[in-house]
Amino acid sequence: VPLWIFSSSNGIDRWDLRANLLKQLNVWTISCSTMARSANVIDQVVDLSHAVQVGERMNIIYEALTGKTIGCIPPFILADEIDDLYCINSTLPIVYVNTIAGEANRCMSQSQIIALENYFNQTRKAIALFYVNQTTNMVETSNVKRILPKTINSAAGLISKAQLVITPDTSITHIASAFNKPTIVLYCGDEMDYFQKNEMRDTWAPLAKTSICLTSQKGIRDTHGVLPVSFIPPTQIIESINLIMKI
C-alpha cells in the first residue's frame, strides 16, 4: 500500500527529522519533493515540474498511486451536501465577491472594494454578495450585501446560486470551477509557483469554461518580490464584469 508523505505531515517541519522517520518506515513511500530525490530516502519520486496546471499535477500523482490516468483533476470536489444558510430570492443575477485571501498580497484593497460597491449600486442590475474583512466599512443596500459564510460548504452554497464569482487566487476560485461558474480571478504579478517555472496564474488557473484572469502589472513589490493584487485597477475588474455579464 503506497504511503504519501506530505511536507507538513505529523507536524514535522524539519527535513532532517522527516528523513530519519522515512528511513524507519517499512512501507513504499512516494514524494514529489526534489529534496527527497537528492536525499535518497524515498522509494519513488514523482516529477511534477513538467505539468503546468495543478489539476494536471494531481492526475500525475493519481497515476503514480493507481497506475491509471483520469485527466485533469480539479482541486475542489463538490461535497454531497451543500449548506445554504442564506435565503436569496431575486430575479436579478447574483455576484459572489470574495475580497479576502490567506496572504496580505492577495487581498483586495479598500479602493477596489469601494469601486465595486459603487458599480453595483449604480448599475442596479445584479445583487453583489461581498465577503469582506470584519474591519471593512460597508453600507448594505438592495444591490450590495455583506455575507459571512462560516464554513466552506456555506460558501459553496452561495456560489452555487451565483451567475459570476469575483475572487483573488484562493480556494473560492476552485469552488466556482466545480460549479462551472464564470469567474474573474485576481493574481499577484510575477509570482512563481513552487518549481519556479510557471506563474501562479497559470498553475492555479480556474477550470471554469468562462473565466478571466487579471494580474498586477505595475506597483510596489512586497517583501517576496511580487506585485500584490491591490494594484490591479478597479476599472479592469469592472470591464471584465461587463464583458462576462454584458451589463
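Overview of the structure. Not measured: the values here are computed from a predicted model. (Residues numbered from 1 in each chain as written. Predicted model: local features only at pLDDT ≥ 70, side-chain atom pairs only at ≥ 80, totals over all residues. Heavy atoms only, no water.)

### Points about the overall build of the protein
So, step 1. Counting its secondary structure elements, the protein contains 8 helices and 9 strands.
So, step 2. In terms of principal-axis extent, the alpha carbons of the protein reach across some 65 × 45 × 30 Å.
So, step 3. Here the protein holds 247 residues, and 45% of them are scored as buried.
So, step 4. For the protein, the proportion of contacts with a sequence separation of at least 24, taken over those separated by at least 6, is 55%. (Helix = DSSP H or I, 4+ residues; strand = E, 2+ residues; numbered from the N terminus. Buried < 20%, exposed > 50% of the residue type's maximum accessible area, 1.4 Å probe, protein only. Contact = heavy atoms within 4.5 Å.)

### Looking at the pairing of strand β2 (residues 28-31)
So, step 1. Pairing analysis gives 2 bridges linking β2 to strand β3 (residues 44-45), with the strands arranged parallel. In the strand pairing of β3, I30 is matched with Q44.
So, step 2. Following the chain from β2 across helix α2 (residues 34-39) to the adjacent parallel β3, one finds a crossover that is right-handed. (Pairing = 2+ DSSP bridges. Right-handed = clockwise from strand over helix to strand, strands pointing away.)

### Description of unusual backbone geometry
So, step 1. Not every positive phi belongs to a glycine, and R124 is a case in point at roughly 55°.
So, step 2. Relative to the elements of secondary structure, R124 occurs in the loop between α4 (110-123) and β5 (127-131).
So, step 3. The class of R124 is exposed, set by a relative accessible area of 62%.
So, step 4. Of note in the backbone geometry, N180 takes a positive phi value of approximately 55° without being a glycine.
So, step 5. Relative to the helices and strands, N180 resides in the loop between α6 (171-178) and β8 (183-187).

### Observations concerning the side chain of T99
So, step 1. Mapped onto the elements of the fold, T99 is located in the loop between β4 (94-98) and α4.
So, step 2. At a separation of 2.8 Å, a polar atom in the side chain of T99 contacts the main-chain carbonyl oxygen of Y131.
So, step 3. T99 has contacts with C107, M108, I113, F130, Y131, V132, N133 and P168, leaving out every residue within four places of it along the chain. (Polar contact = N/O pair within 3.5 Å; in protein donor to acceptor, adjacent residues only side chain to side chain.)

### Quick notes on the sheet that holds strand β9 (residues 211-215)
What links the strands of a sheet is backbone hydrogen bonding, and the strands pair in either a parallel or an antiparallel sense.
So, step 1. Taken in spatial order, the 6 strands of this open sheet run β6-β5-β4-β7-β8-β9, and their pairing is parallel. The open sheet has two free edges, formed respectively by β6 (144-146) and β9, since each of these has just one partner strand. Along the sheet, successive strands turn relative to each other by an average axial angle of 15°, direction set aside.
So, step 2. Seen against the sheet, α6 touches β4, β7 (164-168) and β8 and runs at an angle of roughly 155° to β7. (Axes fitted to C-alpha atoms, helices over the stretch in contact; angles between N-to-C directions.)

### As for the nonpolar core
So, step 1. L116, F120, F130, I184, I237 and I241 are the most contacted members of the largest nonpolar core, which totals 28 residues.
So, step 2. Among the elements of the structure, β4, α4, β5, β7, β8, β9 and α8 (234-245) are those that each provide at least two residues to this core.
So, step 3. In terms of residue count, the dominant contributor to this core is α8 (5 residues).
So, step 4. Those residues in contact with L116 that lie beyond four places of it in its chain are V97, M108, F130, I237, I238 and I241.
So, step 5. Judged by nonpolar contacts, the second largest core, of 16 residues, contains L129, A156, I159 and A176. (Core = buried A, V, L, I, M, F, W, Y, C linked by side-chain atoms within 4.5 Å.)

### A look at the packing of aromatic side chains
So, step 1. The tally for this structure, following the rule as stated, stands at 3 aromatic pairs.
So, step 2. With a centroid separation of 5.1 Å and an interplanar angle of 75°, the aromatic rings of Y119 and F120 are classed as edge-to-face. The exposure classification of Y119 matches that of F120, with both residues buried.
So, step 3. For the pair F120 and F130, a centre-to-centre distance of 6.3 Å together with 80° between the ring planes defines the contact as edge-to-face. Taken together, the residues span a long stretch of sequence, with F120 in helix α4 and F130 in strand β5 at a distance of 10 residues.
So, step 4. In this structure an aromatic cluster arises from ring pairing among Y119, F120 and F130. (Phe/Tyr/Trp six-rings, centres within 6.5 Å; stacked < 30°, edge-to-face > 60°.)

### A short note on the packing of helix α5 (residues 152-161) against α6
So, step 1. As a packed pair, α5 and α6 sit with axes 10 Å apart at the nearest point and diverge in direction by 50°. Relative to α6, α5 is oriented oblique. The interaxial crossing formed by α5 with α6 has right-handed handedness. Residues I152, A155, A156 and I159 of α5 pack against S171, I172, I175 and A176 of α6.
So, step 2. Looking at the contact of α5 with α6 residue by residue, the class counts come to 7 nonpolar, 1 polar and no charged. (Parallel < 35°, antiparallel > 145°, perpendicular 65-115°, else oblique. Left-handed = near helix turned anticlockwise from the far one by under 90°. Nonpolar A, V, L, I, M, F, W, Y, C, P; charged D, E, K, R; others polar.)

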